[in-house]
Amino acid sequence: MSKITPCLWFASEAEEAARFYVSLLPDSRIDHVQRSVVDTPSGPAGAILLVEFTLAGQSYLALNGGPRANFTHAVSFMINCEDQAEVDRLWDALLEGGEPDQCGWLRDRYGLSWQIAPAILPKLFAGPDRAGAERAMRAMMQMVKLDGPALQRAYDGAAQ
């Protein structure tokens, strides 16, 4: 286990959220569900308190902490997607019950912020063609869900 494990605070839906997240990515699983031994602000003794889970190889905790502490874009999870099909699949799944934002960001049904990005994005922005990088960046700024092939066309200078 890593020395640092991100802990996500939920009002009462820690297990539901963790099970949803692990259903989306390979190398993901629920590792342990811990029930509270005493009454807490999130529920009575015996209620689920912590869910340890692994998401794409990274360990996380989901805590039923009681009254909701809102997530913000200040901390988000970025998923580098191998192709547009993966962008589309994850975007659609995470957006269900959530809300989209600009430039590949969305807030899921639990309020957690995600960036769903094609893996090619950093290559385009750091590519040797600086005018192409600028075109790709300008194209991205016009998008909600990111479109990797369209960003590549913008970098290449092809008409949109």
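In this report, we go over the structure that sits alongside the text.

Thresholds applied
Residue positions are given per chain, counting from 1 as you read along its sequence in written order. Only residues with pLDDT of 70 or above have their local features reported here, since the model is predicted, and side-chain atom pairs are shown and tallied only from 80 upward, although totals for entire chains, interfaces and linings are computed over all residues. Based on all heavy atoms of the structure, the side-chain values leave hydrogens and waters out of the count. Per-residue accessibility, obtained with a 1.4 Å probe over protein chains only, is compared with the maximum for each type, and a residue is labelled buried under 20%, exposed over 50%, and partly exposed between these values. Secondary structure elements are defined from DSSP: runs of H or I of at least 4 residues count as helices, runs of E of at least 2 residues count as strands, and each element is numbered from the N terminus. What the arc describes is the spread of directions from the helix axis to the C-beta atoms. Whenever a nitrogen or oxygen atom comes within 3.5 Å of another N or O atom, the pair is scored as a polar contact, on the condition that within protein one atom can donate a hydrogen and the other can accept it, and that pairs from neighbouring residues in sequence are kept only if both atoms are in side chains. By salt bridge we mean one thing: a side-chain nitrogen of Lys or Arg within 4 Å of a carboxyl oxygen of Asp or Glu. Each pair of aromatic rings taken from Phe, Tyr and Trp, with Trp reduced to its six-membered ring, is defined by centres within 6.5 Å and is described as stacked if the planes are under 30 degrees apart, edge-to-face if over 60, and tilted in the remaining cases. Whether a charge lies above a ring is judged from NZ of Lys or CZ of Arg, which has to be within 6 Å of the ring centre and within 35 degrees of the ring normal. We define a nonpolar core as any set of buried Ala, Val, Leu, Ile, Met, Phe, Trp, Tyr and Cys residues linked to one another through side-chain atoms lying within 4.5 Å. Only heavy atoms enter the contact rule, under which two residues are in contact if any of them lie within 4.5 Å.

## Details of helix α5 (residues 148-156)
Of all the positions in α5, only Gly148, Ala150, Leu151, Ala154 and Tyr155 are classed as buried. Relative to the axis of α5, the buried residues are bounded by an arc of 160° and lie together on one face. Where α5 begins, the side chain of aspartate 147 points an oxygen toward the backbone nitrogen of alanine 150, at a separation of 3.0 Å. Looking one or two residues beyond α5, the residue adopting positive phi is glycine 157, at roughly 90°.

## Regarding the pattern of salt bridges
All chains considered together, the criterion is met by six salt bridges. Measuring nitrogen to oxygen at the nearest pair gives 3.0 Å for the salt bridge that ties aspartate 88 to lysine 145. Remark: lysine 145 occurs in the loop between α4 (130-141) and α5 and aspartate 88 occurs in helix α2 (residues 84-95); sequence separation between them is 57 residues. A salt bridge links arginine 138 to glutamate 134; the shortest N-O distance between them is 3.1 Å. Here glutamate 134 and arginine 138 lie together in helix α4, a separation of four residues that amounts to about one turn. Among the charged side chains, a salt-bridge network with shared partners connects Asp27, Arg29 and Asp31.

## Considering the packing of aromatic side chains
Tallying each qualifying case throughout the model produces nine aromatic pairs. A ring pair is formed by phenylalanine 20 and tyrosine 110, whose centres lie 6.4 Å apart and whose planes are at 55°; its orientation type is tilted. With phenylalanine 20 in helix α1 (residues 14-22) and tyrosine 110 in the loop between β7 (105-107) and β8 (113-118), the pair connects residues that are 90 residues apart, well separated along the chain. A single burial state applies to phenylalanine 20 and to tyrosine 110, both of which are buried. A connected cluster of aromatic rings, assembled from ring pairs, spans Phe10, Phe20, Tyr21, Phe53, Tyr60, Phe71, Phe77, Tyr110 and Trp114. The ring of phenylalanine 20 carries the charged tip of arginine 109 above its face, separated from the ring centre by 4.0 Å.

## A short note on the nonpolar core
Grouped burial of nonpolar side chains is what soluble globular proteins tend to show. If you look at the biggest cluster of nonpolar residues, it comprises 30 residues, and the most contacted ones within it are Phe10, Tyr21, Phe53, Ile79, Leu94, Trp114 and Ile116. Contributing elements (two or more residues each) for this core: β1 (7-10), α1, β3 (48-55), β4 (58-64), β5 (76-81), α2 and β8. When residues of this core are assigned to their parent elements, the largest contribution, six residues, is made by α1. The residues contacting tryptophan 114, other than those within four sequence positions of it, are Tyr21, Leu55, Ser76, Phe77, Ile79, Leu94, Gly104, Trp105, Leu106 and Asp108. Grouped together as the second largest cluster of nonpolar side chains are 15 residues, Cys103, Leu146, Ala150 and Ala154 included.

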